[in-house]
Amino acid sequence: AQTVTQSQPEMSVQEAETVTLSCTYDTSESDYYLFWYKQPPSRQMILVIRQEAYKQQNATENRFSVNFQKAAKSFSLKISDSQLGDAAMYFCAYTASGGSNYKLTFGKGTLLTVNP
Amino acid sequence: KAGVTQTPRYLIKTRGQQVTLSCSPISGHRSVSWYQQTPGQGLQFLFEYFSETQRNKGNFPGRFSGRQFSNSRSEMNVSTLELGDSALYLCASSLGPGQLNEKLFFGSGTQLSVL
């Protein structure tokens, strides 16, 4: 079974600084998708960034970028120039590309605090 | 365009009762999936519907069921509620299988408390 592990229950960062959130996963599949979702106090899960496993190039979305290491099964999220609005729970998620693309396996989450 | 709408926002029930939660997907989206979020177990996949058919089901007992209507709106039902069913239930919608660069869009959830 696929598993996703986020080893940092909590992280904090100073406003305007950079922070990296860690995620490792376990799968026997060769093709899959990885995601980072953000859940603010409003509870709505918001997609931050998505990575296809077959793409070697790391995904980027404005201040958010990933370091995808397929051999090591590692998928970390880097947030640059952190803003107060970045404070939230961050979840790493995985889904195999075959079959349903919507059966996401989530990590336990990392609570990010941004200090002014 | 309106986002994914889940109703009600909060719900309080007692053990043994049943409950129905509703999810209206983004207009044009035909796939709906459901997740349960608890502090202990985290986020767990419940089931997924596309074109009124259940395509995938998570590892939950038969007390958890769902359906999808022709307008893509979905409901999930939990019968004979247990204390452990207290959770945030999240619904997500997407265009449907085979869509390029498919993305899931989540609602704000229904917070269910079982007393």
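This structure is a prediction, so every number in the text was calculated from the model and none was measured.

Peer 1: Would you take a moment to explain the packing of aromatic side chains for this structure?
Peer 2: Aromatic ring pairs: the centre-centre distance and the angle between the two ring planes describe each pair. For the structure on display, the rule yields 15 aromatic pairs over all chains. Consider the rings of A:Phe68 and A:Phe75, whose centres lie 6.3 Å apart with planes at 80°: the pair is edge-to-face. A:Phe75 gets classed as buried once you look at its relative accessible area, which sits at 0%. Residues B:Phe47 and B:Tyr49 carry aromatic rings whose centres are separated by 5.7 Å and whose planes lie at 70° to one another, so their mutual orientation is edge-to-face.

Peer 1: Honestly, the state of the cysteines in this entry has me stumped. Any pointers?
Peer 2: A covalent bond between the sulfur atoms of two cysteines is what we call a disulfide. All names here are of chain B. Counted under the stated rule, the structure contains two disulfides over all chains. The disulfide partner of Cys 23 is Cys 91, and the S-S distance across this bridge is 1.8 Å. Taking the torsion about the S-S bond as the criterion, the Cys 23 to Cys 91 disulfide, at about -60°, is left-handed. In this pair, Cys 23 sits in strand 3 (residues 19-24) while Cys 91 sits in strand 9 (residues 87-94), placing the two residues 68 residues apart along the sequence. We classify Cys 23 as buried; its relative accessible area is 0%.

Peer 1: So what exactly am I meant to see when it comes to the sheet that holds strand 8 (residues 74-78) of chain B here?
Peer 2: In any sheet, the strands associate via hydrogen bonds between backbone groups, in a parallel or an antiparallel arrangement. Residues and elements named next belong to chain B. With respect to topology, four strands assemble into an open sheet ordered 1-3-8-7, the strand pairing being antiparallel. On the outer flanks of this sheet lie strand 1 (5-7) and strand 7 (64-68), each paired with one strand and no other. On average, each strand axis in the sheet is tilted by 20° relative to the strand beside it, whichever way the strands run. Examined bridge by bridge, strand 7 and strand 8 share five bridges and lie antiparallel to one another. Counted as the bridge partner of Gln 68 is Ser 74 from strand 8.

Peer 1: Sorry if this is basic, but what is going on with the layout of surface pockets here?
Peer 2: To find leftover empty space, one rolls a probe the size of a water molecule over the atoms. Taken as a whole, the largest pocket holds about 570 Å³ of empty space. When residues of the lining of the largest pocket are traced back to their parent elements, those giving at least two are strand 1 (3-5), strand 10 (88-96) and strand 11 (105-106) of chain A together with strand 5 (42-50) of chain B. When its residues are assigned to classes, the lining of the largest pocket shows nine nonpolar, 13 polar and two charged.

Peer 1: Quick question: what am I supposed to make of the pairing of strand 10 of chain A here?
Peer 2: When a strand is regular, its side chains alternate between the sheet's two faces. All names here are of chain A. Counted residue by residue, strand 10 has eight buried out of nine residues, so it is predominantly covered. Note that strand 5 (residues 32-39) and strand 10 share eight bridges and pair antiparallel. Looking at the pairing, Gln 39 lines up with Met 89 of strand 10. Relative to strand 12 (residues 110-115), strand 10 is paired through three bridges, and the arrangement is antiparallel. Bridge pairing in strand 12 links Met 89 to Leu 111. Direction of pairing for strand 10 relative to strand 11: antiparallel, over a ladder of two bridges. Bridge pairing in strand 11 places Tyr 94 opposite Thr 105.

Quick notes on the rules
- Residues numbered from 1 in each chain as written.
- Chains lettered and ligands numbered in written order.
- Predicted model: local features only at pLDDT ≥ 70, side-chain atom pairs only at ≥ 80, totals over all residues.
- Heavy atoms only, no water.
- Phe/Tyr/Trp six-rings, centres within 6.5 Å; stacked < 30°, edge-to-face > 60°.
- Buried < 20%, exposed > 50% of the residue type's maximum accessible area, 1.4 Å probe, protein only.
- Disulfide = S-S within 2.5 Å.
- Helix = DSSP H or I, 4+ residues; strand = E, 2+ residues; numbered from the N terminus.
- Pairing = 2+ DSSP bridges.
- Axes fitted to C-alpha atoms, helices over the stretch in contact; angles between N-to-C directions.
- 1 Å grid on protein atoms, 1.4 Å probe; cavity = no way out; pocket = protein on both sides within 12 Å on 5 of 7 lines; lining within 4 Å.
- Points joined across faces, edges and corners; volume = space filled by probe spheres on them.
- Nonpolar A, V, L, I, M, F, W, Y, C, P; charged D, E, K, R; others polar.

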